[in-house]
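So the chains spell out like this:
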Amino acid sequence: MMDHAHDLGAVREATDRLLNEAGSWNDAALAEPSRLPGWSRGHVLAHLSRNADALGNVLRGLPMYASSETRDADIAAGAPRPLAEQLADFRASADRFRAVADEPADWSRTVILRNGVTDSASRVPFRRLIELEIHHVDLDVGYELENLPEGFTEREIAFLTDRFSGHPDVPATTLTDERGRAWTTGGGAGGAPVSVRGTAAGLLGWLAGRRDGSALTVTGGALPALPPL
């Protein structure tokens, strides 16, 4: 069961962490490449600002983005802005999301996200938390998957394994971390079951497309190729 109030608190903490980090940059650092192909750090910050507004739209019952083209154009236009302007936008968009989330609402209702994906409103704060934490890693500023809060890592692994569950291109796969915690995913593709072992950070990196999985131990077959998120 999702605890949206808890997740909104975690969103505030993750927002502050990222703002503290970005506040130490200059314009040149903002223009440096992120770990996402073709994106600078400015692209990542611009995306996070627009994502806050988009998820606010979702909570209001509005389309997440006007269109995919508009989403991409807004990120491209926002990326080269000076650091001060980026930070002001990031703070303002975070405040707008918080204001929407603080309004009285039925958190059990179903909402519509991008590409027609539906979910419970109660999961929207966690989706925002995912954006903040994973993209903080993408900024390539020393905040690594191993630095993510443990509770977040465990929940995000569960979120992604559920997302790939039954996928026609992924064989039945069991993931086990260094503490013996286990998750299952896939199962829609034929072939023998596969077991994947590694650190929680390593498993998350593979599931989220941030690491190639070469540090993981695989038995029963090859490491499954996961579809893009």
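All of these numbers come straight from a predicted model, not from anything done at the bench. (Residues numbered from 1 in each chain as written. Predicted model: local features only at pLDDT ≥ 70, side-chain atom pairs only at ≥ 80, totals over all residues. Heavy atoms only, no water.)

Caption draft 1: Inspection of helix α8 (residues 200-207) at higher detail. Among the eight residues in α8, eight count as buried, and that is most of the element. By the burial criterion, the buried members of α8 are A200, A201, G202, L203, L204, G205, W206 and L207. The inward-facing, buried residues of α8 abut α6 (124-138), α7 (150-164), β3 (173-176), β4 (182-185) and β5 (194-197). Directly after α8, the chain includes G209, whose backbone phi takes a positive value near 75°. (Buried < 20%, exposed > 50% of the residue type's maximum accessible area, 1.4 Å probe, protein only. Helix = DSSP H or I, 4+ residues; strand = E, 2+ residues; numbered from the N terminus. Contact = heavy atoms within 4.5 Å.)

Caption draft 2: The pattern of salt bridges, seen in detail. Applying the stated criterion across every chain yields a total of 18 salt bridges. Close ionic contact of E133 with R17 constitutes a salt bridge, the shortest N to O distance being 2.4 Å. Linking E133 in helix α6 with R17 in helix α1 (residues 4-22), this pair joins segments that are 116 residues apart in sequence. When its relative accessible area of 1% is taken as the criterion, E133 is described as buried. Looking at R17, the relative accessible area reads 28%, which means it is partly exposed. (Salt bridge = Lys/Arg side-chain N within 4 Å of Asp/Glu carboxyl O.)

Caption draft 3: Structural detail: the nonpolar core. Counting 43 residues, the largest nonpolar core has W25, L148 and L204 as its most contacted members. At the level of elements, α1, α2 (27-31), α3 (41-60), α5 (83-101), α6, α7, β5 and α8 are the ones that each hand at least two residues to this core. If near-sequence neighbours (up to four positions away) are discounted, W25 is found in contact with L30, R41, L45, L83, L139 and V141. Formed by 16 residues, the second largest nonpolar core is a distinct cluster that contains A52, A54, V111 and L113. (Core = buried A, V, L, I, M, F, W, Y, C linked by side-chain atoms within 4.5 Å.)

Caption draft 4: Representation of the packing of aromatic side chains in the model. This structure, assessed with the given rule, holds two aromatic pairs. An angle of 50° between the planes, with centres 5.9 Å apart, marks the rings of F126 and F152 as tilted. Note that F126 is positioned in helix α6 and F152 in helix α7, a separation of 26 residues in sequence. Considered together, F126 and F152 belong to a single accessibility category, that of buried residues. A centroid spacing of 6.0 Å and a plane angle of 75° characterise the contact between F126 and F159, whose relative ring orientation is edge-to-face. Of the two residues, F126 is situated in helix α6 and F159 in helix α7; the sequence distance between them amounts to 33 residues. A connected cluster of aromatic rings, assembled from ring pairs, spans F126, F152 and F159. (Phe/Tyr/Trp six-rings, centres within 6.5 Å; stacked < 30°, edge-to-face > 60°.)

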